[in-house]
Amino acid sequence: MREYLLTLCVTAAVTYLLTGPVRKFAIVAGAMPEIRARDVHREPTPRLGGIAMFFGLCAGLLVADHLTNLHQVFEKSNEPRALLSGAALIWLIGVLDDKFEIDALIKLGSQMIAAGVMVVQGLTILWLPIPTVGTVALTQWQGTLLTVALVVVTINAVNFVDGLDGLAAGVVCIAAAAFFMYAYRIWYSYGIEAAAPASLFAAILMGMCLGFLPHNIHPARIFMGDSGSMLIGLVLAASAISITGQVDPDSLFGGSERNTVHQMVPVYIPLLMPLTIIAIPAADLILAIVRRTWRGQSPFAADRGHLHHRLLEIGHSHSRAVLIMYFFSALIAFGALAYSVNAASMWIVLGVVFLSAIGLVLLLLPRFTPRAPRWAEGFVPPRYRRRRAAAATRTEGEAAAAADADDDAERERVTVGVAGVNGATAVGPRTRGR
C-alpha cells in the first residue's frame, strides 16, 4: 500500500507543478478558443491541461518501475507498456485537437487505433463471465472488438461529461478510487497478481486527477481539453480491461465455473465495476446520442443538453451542480463496491436507498444553501458559514439603504433644479445675466 501511495503522490505532485507552466504555454500558443454557445464559462480559458496530466502519468509509471514490489508488475506483465503506448497516441491527438480543432471522425479513428495498439501489446479482454453459463473464453477477434468498444465508449463518456469546472477530473477520480479499492482487495486478499496492474493504473489515475483539480475547480484557470479528457478516459478503460478480462472468477471464489458465476451474479464486480464507475458519464453519453439522433443531428454535434447543463437550468449554481454529480457518482461506484464485499447485508441496500433519497431532495431544492454548524465553519467554504452569511446579509441591507439614500438625494436635486428653472423664468433677463 505504501508504494501505491508513493506513486499516487508523485503523480499528483508532478501534475500539479506542471499545470502552471502548461497554462502559460497554452496562452502563448493560442490554445484559448472563443466562447461557444454551449460553454458555461464567461472568459476564454486556456486548454492543454492534458500535457501536465500525461507527464504525471509518465512520472507515476517511472517511479513504480523503480519500487521493489511494483517493479514486478513491469517484469511479469506488458500492460504498463501497452497503456503508455496507447496513452501517448491518444494524448498527441488530443493536443492537436485542443489547438487546431480536429474533425470528430478523425478523433474517433484515433481512439480505435490507440485501443488497437494496447490490444496488440496484450492489454485485452480474454474471457467474460456469463450468468448461468460460466466463464466464456473469447476468440482473438471477439476480444479485440470488445476491448476497442469499451475503450471508445469510456473515452467519449468522459469527454462528454467534461462540461463544468472540475467535473470530469472529480468524477474520474471518484471512479478510480472505487476501482483501486476493489482491485487492491483482489490482489492483496486473494493473492492474485493479475490484479496488480489494474491497482497501479487506478492509483496513477487518482494522482493525475488530484494534481489537476486545484487548477480546475470553479473558477477554472485552465481546462484539461481533449488531451486530458481522452487521456484519463483511456487510463480508466485500461484499468477496467486489465481486471475484467484477465482475472479468472474461479480463482477468486472457487468451485465450478457455472456455480461460481451463478452465485456471484449480484456482486460480480469484474463485470459490473467497469459499468458502475462510468455510470453517470455513460448515461450522459447515451442520452446525448439519443437526443441528437432524434433531432436529426449528428451524434457528435455538441449541444447544451447534458446532465450538468440541465442542473444549471433548474437553478443550481456551478459548484452545486458539480457536487451533485460527485455525489451520485460516488453513490453508484462505492455502493457497488460495498455490495461486492457483503451482498447478504440488507443495510447496504438500505443505505444506498437512503442516500439516493437525499440526492433527490438536493436536486429538488436548487436554491437551498446549507449552513454548517459553528464548530465546522473552519472546514467549509465561506458561503456555507453562518457568520459570513450574516455579514453578507448586513452588507446587502447597507447597500439597499445607501441606494435609497441616493434616490432621495437625487429626487431632492431634481426638485431644487426645477424650482431654480421656474425662478429664472419668473425673473427674466436679469437672472440669466448672472
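Basis of the calculations
Residues numbered from 1 in each chain as written. Predicted model: local features only at pLDDT ≥ 70, side-chain atom pairs only at ≥ 80, totals over all residues. Heavy atoms only, no water. Axes fitted to C-alpha atoms, helices over the stretch in contact; angles between N-to-C directions. Helix = DSSP H or I, 4+ residues; strand = E, 2+ residues; numbered from the N terminus. Parallel < 35°, antiparallel > 145°, perpendicular 65-115°, else oblique. Left-handed = near helix turned anticlockwise from the far one by under 90°. Contact = heavy atoms within 4.5 Å. Nonpolar A, V, L, I, M, F, W, Y, C, P; charged D, E, K, R; others polar. Salt bridge = Lys/Arg side-chain N within 4 Å of Asp/Glu carboxyl O. Buried < 20%, exposed > 50% of the residue type's maximum accessible area, 1.4 Å probe, protein only. pLDDT = per-residue confidence, 0-100. Core = buried A, V, L, I, M, F, W, Y, C linked by side-chain atoms within 4.5 Å.

**Section: the packing of helix α8 (residues 196–216) against helix α9 (residues 225–244)**
Phase 1: It is at 8 Å that the axes of α8 and α9 come closest, and there the two elements cross at 160 degrees. The orientation of α8 with respect to α9, classified from their angle, is roughly antiparallel. Remark: the crossing between α8 and α9 carries left-handed chirality. Here Pro197, Ala198, Phe201, Ala202, Leu205 and Met208 of α8 come into contact with α9, specifically with Leu231, Ile232, Val235, Leu236, Ala238, Ser239, Ser242 and Ile243.
Phase 2: Here the residues of the contact of α8 with α9 are counted per class, giving 12 nonpolar, two polar and no charged.

**Some remarks on the pattern of salt bridges**
As a working rule, side chains carrying opposite charge can pair if their charged atoms are close by.
Phase 1: Counted according to the given criterion, the structure contains three salt bridges.
Phase 2: A salt bridge links Lys107 to Asp97; its shortest N-O distance comes to 3.6 Å. One end of the pair, Lys107, is in helix α5 (residues 104–120); the other, Asp97, is in helix α4 (residues 79–100), and 10 residues separate them in sequence. Both residues of the pair, Lys107 and Asp97, belong to the buried class.
Phase 3: With a closest N to O distance of 2.8 Å, Asp226 and Lys107 form a salt bridge. Of this pair, Asp226 sits in helix α9 while Lys107 sits in helix α5, and the two are 119 residues apart along the sequence. This pair shows no difference in class: Asp226 is buried, exactly as Lys107 is.

**A closer look at the confidence of the model for the protein chain**
Phase 1: Per-residue confidence for the protein chain averages 76 on the pLDDT scale, and 68% of its residues sit at or above 70.
Phase 2: pLDDT under 50 marks residues 389–396. Its contacts with residues more than four places away, or in other chains, come to one contact.
Phase 3: Between residues 414–434, whose pLDDT stays under 50, and residues either more than four places distant or in other chains, the model counts one contact.

**Description of the nonpolar core**
Phase 1: One finds Leu57, Leu200, Leu205, Leu231 and Leu234 to be the most contacted residues of the largest nonpolar core, which totals 93 residues.
Phase 2: Sort the elements by how many residues they give to this core and helix α7 (residues 167–190) lands first, with 16 residues.
Phase 3: Excluding residues that lie within four positions of it along the chain, Leu234 makes contacts with Leu83, Gly86, Ala87, Ile90, Ala114, Met118, Val151 and Ile155.

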